[in-house]
Every structure is written in C-alpha cells, then in structure tokens.
Amino acid sequence: MKHLEHTRALVSQEVAAKLKGLGATFLLALIAGCSGGGADTVDNPVTALPPDTGYNGPPPATADVQAFKLNVWDNLSPSNRCGACHVVGGTGVGAFVRNDDINLAYEEANTIVDLTDPAESLMVTRVASGHNCWLGSNDACADIMTTWITNWAGDALGEGGRAIELEAPIITDVGNSRNFPVDSGLFASTVHPVLTQYCADCHSGSAQIPQTPYFADPDPDAAYEAARPKIDLNEPSNSRFVLRLRNEFHNCWSDCQANANEMQTQVEAFANQVPLTEIDPSLLVSKALTLYGGTAASGGNRFENSQIALWEFKTGQGTVAFDTSGVEPGINLTISGDDIEWFGGFGLNVKSGKAQGSTASSKKLHDMITSTGEYTVEAWVVPGNVNQEDVPIISYSAGNTARNFTLGQTLYQYDFFNRSSVTDGNGQPQTTTDANDEDLQATLQHVVATFDPVNGRTVYVNGVFTDDVDGLGGGTLNDWDDTFAFVIGNEVSGDRQWEGIFRLVAVHNRALTQEQITQNFDAGVGEKFFLLFSVADWVTSVPEPYVLFEVSQFDSYSYLFNEPHFISLDPTADTSGVPIQAMRIGVNGAESDVGQAYKNLDMTTDSLNNTDFGEPLSSLGTVVALEKGPELDEFFLTFEVIGSGTNVRTEPAPLIPPPPPDGDAVPAIGVRTFDEINATMSTVTGVSTQHPDVVTTYSLVRQQLPTIETIDGFSSSHQIAIAQMAIEYCNALVEDNGLRGSYFPGFNFTGTVAASFTPTGRDQLIDPLLDNVFGIGLTTQPDPVEAKTELNNLIDRLTACGGSCANDRTETVAKAVCSAAIGSAGMLVQ
C-alpha cells in the first residue's frame, strides 16, 4: 500500500464485508486502544520515553505523520538500527528514516508497511530474515518492529490492535507418512554417531557449557527424544540438522556442504528403514494441515494500551528472554542457573535459576510507573507446587529486604509487596490472598496484581477478583528506587528460588480494570493457531466448508485441540443441514491412539447457532501427543458421517484385563497433616489457633509437620514438631486462669506438688485431657486405663523432687502432662 488514503479505503471495504458476513472471516479483536471485548475506553498513557532524535526538519504535516514519527521513526532512526543506511545518500534501499523531512520519510515508509497486517510488512519480514537485527534474536526484532507498526496503525486507522483474521489454507491431501520408532535403536546406529562426534561439545548434558537441546548426549535414549523434532523422515533434506549446516553454516566441522551431505546421508539411512504409515483408504478424511499451516492466533484481543514491558518467551533457545513490548529501553532478561530451560509452545521452565534484567533497563519501570502512580503486573504462570513458601515469582528489587514490588507465593496464596507511602522499604505489610480460598494452584493460571493510589493492591486470578482488600489503601510511589533490577523466578540475590513455568509476563503503567483483565484472560496465552480443515470432498451443499480448531502446543510433548466449529468462509453461505458424527483426530497418517474426545459427536448443523467462529461442535478440548514436532506433524480429521459420506465403524470389544496382582499391604490408619494437627490441638484444648504464641510456633514448625497422611512417612522430626506445638498449646491453656479453671475444675494449680497431685488431684488433671483427646466410648482409641497409668508414671517422675520442688513446679508438671496427652498418637492417628 503506497498511500494511507488508499489503505483507509481498502480497510473500509474490508470492514463493510466483515459486517455483512462475519461467518466468512472475522477479526477476533484489536489490541491496545480497541474498545472491543468490553474494556472501557481510556486515555492512552505515554508508553515510551521519547529519545533525543535531534530532528530539526519541517513539522509533521498531519496527525498520521506525527503518529508515524512517534511510533516508528523515533525508534528506528538511531544509527545502530536503520539510521546509518536508510537515510538520504545512505546505502539502504528507501530513506524511510531520513532526518531532513519527516513527511518525506513517511512517504517512503508507506511503501514498505502494511497497516492492515503489520506482521506482513516488508519492514518486518526483512528484519525477521536477519537484516540488521539489533538484538540476539531475529524473531524478537520482528515482534518489536510489528508492535511499533501496529501502534502507528492504531493511530492511523483508529484501531490499534493485533488483528487476527481467518484465511483459507493451502489445500493438501493427507499423505502417507513415516513415523518415528518407539525405541532409539535405529537412531543410535545412524544419526547419533555423527551428532556425538561433532556436536557433543555443546549439545550434551555432559558438555563443559551445555546447550539445549541435548541431541548429542551420550545416552541414545535422551538424545533421541531431543533429536526427533530436528529430523524430517519424509524429506531428510529438510531436517534441521541438514539445513543448519547447508544453509546456515552452523558449526561445520570442515566444508559445510560436505558436512550437510554427510548428515543427510545418515538421516536417509535412518528414514529408509522406517516403514510408511499408509492412510486407510476407507476413512472419510479431511484435508491435512501442520500447526504452522494455520492462522497465527497468539496475543489476539489483548488489552495493551498501557503495556510498558512484555515477555512472551517465544525465542525458544539461547540465554535471553526478550522484552518485545516495543517500549524502549527493552528489559531483556538474562537467563542463568543450573536448571532453567525453554518450554515448548512459548514459555520458560524454572527449577533452579532466574531471568534478570539490568538495573539500567529496569529503570524504565521506575520512571514510567511513578509518572502515573499506578501499575499492573500480569502473568500466565504454572506454579511447580503448592509447598513453596515466601518466594518471589516476579520482583523489582535489590534483594530480600528492599523492593519496589514483588508478586510471590506462600503455599496456596499469592503475596503482593509494594513499596509506597503506607508501607516500608520492603513493601510490607504485604497483601496476601486468603489461605482458605487456595487461590494459587499448581496449574496454568492468569494472575494479575494491580496498584492504584485509592484502592491500593488487588489480586485477580483467572479473571476473577480474589476479594482480598488492601487494608492499608493506596498511597504514593515517590519512594521507589530506580537502581533496582527486574527479575523472575528468584530474588536478585539468588537465594529465594521459585519453581514453575512462565508463559507470559507483562507490566502496565496503569491499574487495569476488571473488563481489561477479563479481556486478557479470555485472550489466553501461548503459541496458538486456528486450523481450518477442509471437508469440501464430503460437504457439497456448503461452499468453502471447514472444521475449525484452535490448536496450540500444550507443552514440550503434546498439542491441545480445543473447541471445534463448523464454518464456511463464504459470508453468504447457509451452513445448515450437515450431519457430522464420530469425529476423530489423525496425526501423520494414522488416527491418534489417545485424545479422541469427539468420537461420540452426533449432530446436524444449524446456521441459527452460528457465532463469529461458525457453529460450535463441542466445548471440549483434548490433548494429542507430539510426534515429530510442530513443523513436521501433519494433522487431519476423520468422520464416520459427514455430509454425503458414511463410514460407520464398530468399535472392537475392549479386552478384559486380568486381576491386578496383590500389592503391598496399605496401612488402615494414617496421620493428621500440619493444618489438621493445628486445628485438632485447638479444639482439644480450647486455645485459639490465633493465639500469638501459637501463631509464632506454628509458623516456625509448619514445614516440619507431616504434609501427607501416609503413616509410613512419619518420622522423628515430625514428632519433635508435634511436641513443640503441644507444649505451646498447653502452656497457653495453663497460663490462662479462666480457661484452665473451666477445663480442669477443682485442680489446684497454685499448691505444692504434694498437695496438688493427690489421687483426686491427678484425676482432676488427667481425666479431662483423656476425655478430650481420646473421646468417650470410642472402641478404636487407645485404652484410657493404660494411658492414664502412663500419665501417672510421668507425674511420679516429675514430682520426685518432693519438698525441694520449686514453687511453680505444679504448673510445670501440669503443662508436661497436658503436652504428653495432646501430642500423643490419640491426637495424631486417624
């Protein structure tokens, strides 16, 4: 598109067509600035620190030229980007960052951008191919360039979002396919020796500086798992191992072409011994698609107007997670640690380590957040477990005692620290979600923490406010320190490890509204594609018929197929009356052995049920195993009935499994866990769990108490912690005159041991304890007579001092007897 006026005309025509027939193509939504998705219209904040460009030419002639300057020209004009070549008299083709006249630069830029699809702009595709990328990742440069052009497009066209529009795929028949053998034997005798000979210095777990993936590991099984996504059994010359040598000249050991040929020969030797999997000719099959043959859907419909930092973890390799927000300077996170690796389908898996930005680039957060006085931390995370306590997930800090903000985890709770005029320099007291709600779970969650001067701190999980109100209210951020560093997965000091997976992290310099948070939750996360499976061979009554799936790489081992729809790309089509039964998912020439959630589907389409996606076929999602990798796995659908085709099949009767062998005997009894022990001791003694001394002791020994009910796992350290809890509860009971008087009626706590521990006095002390701990009339509890004998023996030992006992000895002995009773198996075992 050469002129903006022409672009606007085309967009107007497209919008009119979409309004006329949303079934044909659709815009999911537009990010930043679009009021779609229910988000309130707000003023766009300043989301970049304007550089000193030194521009002294004529002013922008129109508001659109000004938008181009602010969003694109200012970012690209430095000499370390495009300003050294793409200027008047420069060596680059097109002077789109010329510094003599912004209006002429604007004219040049319009010839190499596509404002309706910024990602397809020549300016973006050139950078994506490696042309003068200013970062260590071409993809990261392309993402940032797309963001800058998108921001310009938002101002120019009145939109401002990442448009996601369905496009008809290339029609491809389902082909016969070679599928990887289950074991690594064939790989070990062909490809593996070349890899271990030439690649083990880097791509091996035993390398001096290991680099993932470990396809050259000495263990052939481990190497095979890592190598499979790099091998194309159907077209060995397209294998990444071959292309990296032949086209990218990556670590050739002599002549790159000869090395590529050697590698290809071994891949062919492997592939030629793998039999073809032939598609069953009786099946009713759709056309075929790979994951990347679909329409990219990642990031669509996100609210990003106030976004100042964004990490989507798309790179998938290397030691840097790039900030692709397009807001300068980018806070690029350096990855370090013993066990931290990229996660398939966009993500970073942290087990031991962290990813940290520099203090200089992190200063962007200080400057842009203190200018508004409010902010939002947004993340898609998968906590590794719910046993982690007082650990930071995301932090902008200097260590354990000084921070601007931290989003952290304590067991099932999210913690939100924020330095303000109403908290200390460590952001305390923090806001914490209610422990009883168990908002934090070890599964994929969208967590959003916002701060504003009126409401203070709020936390949302999966789009829902947790109802935890900041008792301190708001305050100001004037005391924030601009020398701190932004870090994820740990503290900057490296001694507060969090374990889990990051799928997306973003920081906004506004407190997002409920509508905006819901919008971002609904947009989802990760590398997602819309796959349109053509069924035109069987459905002749509907033009351009497809079955639409939203598909993503669920993790490093599987794909998620979600919410299928029947749709026509013809906006005038009537999609009614198409029978669809027993739909199954196929991969690489064969129906998947697992994940067939739609084989019970039985319906006839009705266009009255259509949404923007077409007619829903199911609300279910299902997981299908990854075999060759997202570039090579070929998907298709099969049906027993669709349109005019019928191939009804009878499922074979399932085999009746033999009776399982007898396992080890399982104990019929278990033990109470940490929270149950605390609650039980409180009930038995009448002392509140919120008693200050009890709270202090419980916080110290909680991790030492049993966490599972299995009695086989009970240890001496558990008993020590239980004894500490029992002593604290009994101390609180005996020290409270009113409570002990009602619990032990008649017992003399102030007398000598001789006067107090008479036979009657002993009954007055022991009997209430046994009644409360063991219960009355229960046959499965310890014998109360034997228990009473043991407690009397304890009294005898503790009162052997006789007349020389201290004046407070009676209270001390009473506490010991109480502790022995409530810390016994009668309380613990269940």
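For every chain, the first residue of the written sequence is number 1, and numbering continues from 1 onward in sequence order. Thresholds applied to this predicted model are a pLDDT of at least 70 for local features of residues and 80 or more for the giving and counting of side-chain atom pairs; totals over whole chains, interfaces and linings are not thresholded and use all residues. Heavy atoms throughout the structure, all of them, feed into the side-chain values; hydrogens and water do not.

Peer 1: Mind showing me how you'd approach the overall build of the chain here?
Peer 2: Counting from the N terminus, the helices are the DSSP runs of H or I reaching at least four residues and the strands are the DSSP runs of E reaching at least two. For the chain, the count of helices and strands is 21 helices and 31 strands. Contact definition: two residues touch when any of their heavy atoms are within 4.5 Å. Contacts in the chain between residues at least 24 apart in sequence constitute 68% of all its contacts with a sequence separation of at least 6. As displayed, the chain offers around 36600 Å² of accessible surface, 51% of which is attributable to carbon and sulfur atoms. Charge assignment: positive for Lys and Arg, negative for Asp and Glu; neither His nor the chain ends contribute. A charge is said to be at NZ when it belongs to Lys, at CZ for Arg, at CG for Asp and at CD for Glu. Positive and negative side-chain charges of the chain, numbering 41 and 104 respectively, have mean locations separated by a distance of 4 Å. For every accessible area listed, the method is Shrake-Rupley and the probe measures 1.4 Å; residues are considered covered only by the protein chains on display.

Peer 1: How do you make sense of the environment of Leu765 when you look at a structure like this?
Peer 2: When you line up the elements, Leu765 lands in helix H18 (residues 759-774). Remark: the alpha-carbon pair of Leu765 and Tyr743, spanning 22 residues in sequence, is separated by 8.9 Å. Look past the residues within four positions of Leu765 in its chain and what remains in contact with it is Phe744, Phe747, Phe757, Ile795, Ala814 and Val817.

Peer 1: Sorry if this is basic, but what is going on with the pattern of salt bridges here?
Peer 2: Pairing between side chains of opposite charge can happen when their charged atoms approach one another. Should a side-chain nitrogen of Lys or Arg be within 4 Å of a carboxyl oxygen of Asp or Glu, the pair is scored as a salt bridge. For the structure shown, the criterion picks out 26 salt bridges. With a closest N to O distance of 3.1 Å, Arg584 and Glu640 form a salt bridge. In this pair, Arg584 sits in strand E24 (residues 584-587) while Glu640 sits in the loop between strand E29 (634-639) and strand E30 (641-642), placing the two residues 56 residues apart along the sequence. Here Arg584 matches Glu640 in class, with each residue buried. Each residue is placed in one exposure class: buried if its accessible area under a 1.4 Å probe, protein chains only, is under 20% of its type's maximum, exposed if it is over 50%, and partly exposed if it falls in between.

Peer 1: Looking at this structure, how should I read the packing of H18 against helix H20 (residues 809-822)?
Peer 2: A pair of packed helices is characterised by two quantities: the angle between their axes and the separation of those axes. Packing of H18 against H20 leaves a shortest axis separation of 10 Å and a crossing angle of 20 degrees. In terms of axis orientation, H18 runs roughly parallel to H20. Like other packed secondary-structure pairs, H18 and H20 cross with a definite hand, here right-handed. On H20, the residues that touch Leu765, Ile766, Leu769 and Val773 of H18 are Ala814, Val817, Cys818, Ala821 and Ile822. Any residue that is not Ala, Val, Leu, Ile, Met, Phe, Trp, Tyr, Cys, Pro, Asp, Glu, Lys or Arg is counted as polar, Gly included; the first ten are nonpolar and the last four charged. Taken together, the residues of the contact of H18 with H20 break down into nine nonpolar, no polar and no charged. Note on method: axes are straight lines fitted to C-alpha atoms, helices fitted across the in-contact stretch only, with angles between N-to-C directions ranging 0 to 180 degrees. In this scheme, roughly parallel covers angles under 35 degrees and roughly antiparallel covers those over 145, while 65 to 115 is roughly perpendicular and the rest are oblique. Should the near helix be turned anticlockwise from the far one by less than a right angle, the crossing is termed left-handed; should it be turned clockwise, right-handed.

Peer 1: Sorry if this is basic, but what is going on with a negative patch on the surface here?
Peer 2: Patch definition: residues with relative accessible area over 30% and no salt bridge; like charges joined within 9 Å; nonpolar side chains (Val, Leu, Ile, Met, Phe, Trp, Tyr) joined within 5 Å. Together, Asp434, Asp437, Glu438, Asp467 and Asp675 make up a region of like negative charge exposed at the surface. Assignment of secondary structure puts Asp434 in the loop between strand E14 (431-432) and strand E15 (445-452). Overall, the relative accessible area of 32% leaves Asp434 in the partly exposed class.

Peer 1: In this structure, what is going on with the pairing of strand E20 (residues 528-534)? I would like to understand it.
Peer 2: Side-chain positions along a regular strand alternate between the two faces of the sheet. Taking burial as the measure, the seven residues of E20 include seven buried ones, the bulk of the element. Side chains Lys528, Phe530, Leu532 and Ser534 of E20 all project onto a buried face; the interleaved residues Phe529, Leu531 and Phe533 project onto the opposite face, where all are buried too. A pair of strands counts as paired when DSSP detects no fewer than two bridges linking them. The sheet contact formed by strand E5 (residues 295-296) and E20 spans two bridges and is antiparallel. By the bridge assignment for E20, Ala296 is matched with Phe529.

Peer 1: Sorry if this is basic, but what is going on with the pairing of E29 here?
Peer 2: Burial analysis of E29 places six of its six residues in the buried class, which makes it a mostly covered element. Here E29 shows no split at all, with Glu634, Phe636 and Thr638 on one side and Phe635, Leu637 and Phe639 on the other all buried. Direction of pairing for strand E3 (residues 284-285) relative to E29: antiparallel, over a ladder of two bridges. Pairing of Val285 across the sheet is with Thr638, part of E29. Examined bridge by bridge, strand E4 (residues 289-290) and E29 share two bridges and lie antiparallel to one another. Across the sheet, Leu289 pairs through a bridge with Phe635, a residue of E29. Pairing of E24 with E29, which is carried by four bridges, proceeds in the antiparallel orientation. What sits directly across from Gly586, in E29, is Phe636.

Peer 1: Any chance you could explain empty space enclosed by the protein here in plain terms?
Peer 2: The method is simple in principle: a probe with the dimensions of a water molecule rolls over the atoms, and the space it marks as empty is what remains. Put simply, the grid is 1 Å and covers the protein atoms alone, a cavity is a trapped set of points that fit a 1.4 Å probe, a pocket is an open set with protein on both sides within 12 Å along at least five of seven lines, and lining residues have an atom within 4 Å of a point. Grid points are joined across faces, edges and corners, and a volume is the space filled by probe spheres set on the points. Summed over the entire model, instances satisfying the criterion amount to four cavities of 30 Å³ or more. The computed volume of the largest cavity comes to approximately 70 Å³. Lining the largest cavity we find Asp139, Ala140, Asp143, Trp311, Glu312, Phe313, Lys314, Thr315, Ala321, Phe322, Thr324 and Trp342. Each residue belonging to the lining of the largest cavity can be placed in one class, and the counts come to six nonpolar, two polar and four charged.

Peer 1: Teacher, can you tell me more about the state of the cysteines here?
Peer 2: Between two cysteines, a covalent bond joining their sulfur atoms is known as a disulfide. Cysteine sulfur atoms are paired as a disulfide whenever they come within 2.5 Å of each other. Tallied over the full model, the rule gives four disulfides. Residue pairing for Cys252: its cysteine sulfur links by disulfide to Cys256, the two sulfurs lying 1.9 Å apart. Negative torsions about the S-S bond denote left-handed disulfides, and the value of about 105 degrees found for Cys252 with Cys256 makes this one right-handed. By relative accessible area, which is 22% here, Cys252 ends up partly exposed.

Peer 1: For this particular structure, what's the right way to read helix H3 (residues 102-110)?
Peer 2: Structurally, the α-helix is built with 3.6 residues per turn, so residues lying three or four positions apart point the same way. Taken together, the buried positions of H3 are Ile102, Asn103, Ala105, Tyr106, Ala109 and Asn110. Seen along its axis, H3 keeps its buried residues to an arc of 155 degrees; they face one direction. In protein, a polar contact requires one atom able to donate a hydrogen and another able to accept it; more generally it is a pair of N or O atoms within 3.5 Å, and residues adjacent in sequence count only if both atoms are side-chain atoms. Its side-chain oxygen placed 2.9 Å from the backbone nitrogen of Asn103, Asp101 serves as the N-cap of H3. For this quantity, the arc is that covered by the directions from the helix axis to the C-beta atoms.

Peer 1: I tried to follow the side chain of Ser184 on my own but got confused; where do I start?
Peer 2: The topology assignment puts Ser184 in the loop between strand E1 (177-178) and helix H6 (185-189). Residue Ser184 is classed as buried on the basis of its relative accessible area of 7%. Not counting residues up to four positions away in its chain, the partners in contact with Ser184 are Pro220, Asp221 and Tyr224.

Peer 1: In this structure, what is going on with the sheet that holds strand E23 (residues 579-581)? I would like to understand it.
Peer 2: By definition, the strands of a sheet pair up through backbone hydrogen bonds, in either a parallel or an antiparallel sense. Across the sheet, four strands lie side by side as E26-E23-E30-E31; this open sheet has antiparallel pairing. Lying at the two open borders of the sheet, with one neighbouring strand each, are strand E26 (602-604) and strand E31 (645-646). In the sheet, E23 pairs with E30 via two bridges, with the strands oriented antiparallel. Directly across from Gln581, in E30, lies its bridge partner Val641.

Peer 1: Whenever I open this one, unusual backbone geometry confuses me. Can you help?
Peer 2: Leaving glycine out, the prevailing phi sign among residues is negative, and the prevailing peptide bond configuration is trans. A cis amide bond, omega -5 degrees, links Glu328 with the succeeding residue Pro329. Structurally, Pro329 can be placed in the loop between strand E7 (320-321) and strand E8 (333-342). A cis amide bond links Gln428 to the next residue, Pro429, at an omega of 0 degrees. Here Pro429 shows up in the loop between strand E13 (413-418) and E14. A positive phi angle, close to 55 degrees, is found at Asn462, a residue other than glycine. Although it is not a glycine, Glu544 adopts a positive phi angle of roughly 50 degrees. Looking at the element boundaries, Glu544 is found in the loop between E20 and strand E21 (545-555).

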